[in-house]
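Listed here are the chains, written in short residue letters.
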Amino acid sequence: MSDRVLSHTDEDHLEPELQRSQVEIGSAVCESLDEVRRDVVRLRRAAAAAAEKSGQRIAATGTHPFSDWRRTEVFDKEAYLRLEEDYQQLTREQVLCGCHVHVGFDDKEDAIQVMNAVRPWLPALLAISANSPFWMGESTGYHSFRNRMWQRWPTAGVPGTFRDRAEYDGLVDTLLETGSIDSPARIYWDIRPSRRFDTLEFRVADVCMSVDDAVLVASLSRALSQTCHDRITAGEVPTPVRDELIYSAMWRAARHGETGELIDVAARKAMPAYELITSLLQFVRPALESRGEWEEIRRLIAQLRSRGTGASRQLAEFKRTGRMEDVVDLILAETAAA
């Protein structure tokens, strides 16, 4: 693994996204949680200042509680317009926002083996980050409706396992040759090797309402990568798991977030969400301790358990007031608290 463990790109940026109502922020390479926090805060503030110039505000949420996708437009960029031409309604309704964490790897083969090994823990990461319970003014019954909407794309979801990097590259080449995708960027899996950077990209999380939640997701993604890498290097063979069980576990995490039972796919049993989250913490504890992050992550998990995920906080606000506008005000306040 590389020491450059948490990154989005090598250049700080604010960029347009697929829809005109969206903006993407990308941090510089970060080597500590303090750096992650500072960068996310700085970039959120920059985005907020840019939006304010045109009388707008930014809201960090996987889906807007009541905005109608028909009131937005695809951004006028060749790649995005081609997406609309190819995928039609899927593109037009793609007003969904995720949190992506890039973990640096010097060896592309290592990245594939770690991708295989972290698959059982992706439902826990989704549950922790869930932040999209509403869609077009309706409560969806899901904590991460973004995740369920995202599954409609033909190359989305949890990837299968790969023998090695050659098998992965062969699949990407076949998808390109058959016209199934027009670019490796159309691989929309919940985790994938990046074609732009020497990283493994975690894409499973909803965009996080608070900076604390974003820091937590970043740390756990990095710690999971390090833990699995260390175990593989030591000769440990990851427990094989059925794809169908992981798909079911992902649905459960999207449906209930941290409020219900999740599925431990390695142990093949259901358990209360925070039992699985505690198992995840114990699994990655050595990696967290090696970077001095253990106490901070324990604190953030305790805070999450006390106040709930972004989805739970949105749902609680709607239950309290019955007004979607108040939910948006909550999102705006937490986003601006950077």
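Before going into details, it helps to say that this report is about the structure given with it.

Procedures and definitions
- Residues numbered from 1 in each chain as written.
- Predicted model: local features only at pLDDT ≥ 70, side-chain atom pairs only at ≥ 80, totals over all residues.
- Heavy atoms only, no water.
- Axes fitted to C-alpha atoms, helices over the stretch in contact; angles between N-to-C directions.
- Helix = DSSP H or I, 4+ residues; strand = E, 2+ residues; numbered from the N terminus.
- Parallel < 35°, antiparallel > 145°, perpendicular 65-115°, else oblique.
- Contact = heavy atoms within 4.5 Å.
- Nonpolar A, V, L, I, M, F, W, Y, C, P; charged D, E, K, R; others polar.
- Core = buried A, V, L, I, M, F, W, Y, C linked by side-chain atoms within 4.5 Å.
- Buried < 20%, exposed > 50% of the residue type's maximum accessible area, 1.4 Å probe, protein only.
- Pairing = 2+ DSSP bridges.
- 1 Å grid on protein atoms, 1.4 Å probe; cavity = no way out; pocket = protein on both sides within 12 Å on 5 of 7 lines; lining within 4 Å.
- Points joined across faces, edges and corners; volume = space filled by probe spheres on them.
- Phe/Tyr/Trp six-rings, centres within 6.5 Å; stacked < 30°, edge-to-face > 60°.

Glancing now at the packing of helix H5 (residues 122-129) against helix H8 (residues 211-233). Each packed pair of helices is defined by two parameters, the angle between the axes and the distance between the axes. With their axes 10 Å apart at the nearest point, H5 and H8 run at an angle of 170 degrees to one another. By the angle between their directions, the pair H5 and H8 is classed as roughly antiparallel. Residues Leu 125, Ile 128 and Ser 129 of H5 pack against Leu 216, Val 217, Leu 220, Ser 221 and Leu 224 of H8. Residue classes in the contact of H5 with H8 are distributed as six nonpolar, two polar and no charged.

Ranked by size, the top nonpolar core spans 88 residues in total, and within it Phe 202, Leu 220 and Ile 297 carry the most contacts. In contact with Phe 202, not counting residues within four places along its chain, are Cys 99, His 100, Val 101, Val 103, Val 118, Leu 122, Leu 125, Asp 190, Ile 191, Ser 221 and Ser 225. The next biggest cluster of nonpolar side chains, apart from the first, holds five residues, and it includes Met 209, Met 324, Val 327 and Ile 331.

So, about unusual backbone geometry. Positive phi values are uncommon outside glycine, yet Gln 88 reaches one of about 55 degrees. Given the relative accessible area of 37%, Gln 88 is considered partly exposed. Residues other than glycine seldom take positive phi values, yet Met 136 does so here, at roughly 50 degrees. For Met 136, the location among the structural elements is in the loop between strand S4 (134-135) and strand S5 (138-139).

In this section: the sheet that holds strand S8 (residues 191-193). Spatial ordering of the open sheet is given by S3-S9-S8, a layout of three strands whose pairing is antiparallel. For this open sheet the edge positions go to strand S3 (98-104) and S8, each flanked by a neighbour on one side alone. The average undirected angle you get between the axes of adjacent strands in this sheet is 20 degrees. In terms of strand pairing, S3 meets strand S9 (residues 199-206) through six bridges, oriented antiparallel. Bridge pairing in S9 links Cys 99 to Ala 205. The strands touched by helix H4 (residues 108-118) within the sheet are S8 and S9, with S8 carrying the most contacts at an inclination of about 175 degrees. Those strands touched by H5 are S8 and S9, and its axis lies near 50 degrees from that of S9.

Now for the pairing of strand S2 (residues 23-26). Burial along S2 is one-sided: the face carrying Glu 24 and Gly 26 is buried and the face carrying Val 23 and Ile 25 is not. Bridge analysis of strand S1 (residues 13-16) against S2 gives four bridges, and the strand direction is antiparallel. Bridged to Glu 15 within S2 is Glu 24. Joining the antiparallel neighbours S1 and S2 is a turn of six residues.

Among the structural elements, Gly 26 can be located in strand S2. On the basis of relative accessibility, which here comes to 0%, the residue Gly 26 falls in the buried class.

Turning next to empty space enclosed by the protein. Going through the model one piece at a time under the given rule, you end up with one cavity of 30 Å³ or more. The volume enclosed by the largest cavity comes to roughly 60 Å³. Of the residues in the lining of the largest cavity, the class split is four nonpolar, two polar and four charged.

This paragraph deals with the packing of aromatic side chains. According to the stated counting rule, one finds twelve aromatic pairs in the structure shown. Ring centres of Tyr 142 and Trp 251 lie 6.2 Å apart, and the angle between their planes is 85 degrees; this geometry places the pair in the edge-to-face category. Residue Tyr 142 is located in the loop between S5 and helix H6 (145-150), and its partner Trp 251 is located in helix H9 (residues 243-256); the two are separated by 109 residues in the primary sequence. Tyr 142 gets classed as buried once you look at its relative accessible area, which sits at 18%. Accessibility expressed as a relative area gives 35% for Trp 251, which makes it partly exposed. A centroid spacing of 6.0 Å and a plane angle of 65 degrees characterise the contact between Tyr 168 and Trp 189, whose relative ring orientation is edge-to-face. Taken together, the residues Tyr 168 in helix H7 (residues 165-177) and Trp 189 in strand S7 (residues 188-189) connect sequence positions 21 residues apart. This pair shows no difference in class: Tyr 168 is buried, exactly as Trp 189 is.

Shape is all these values report; function is a separate question.
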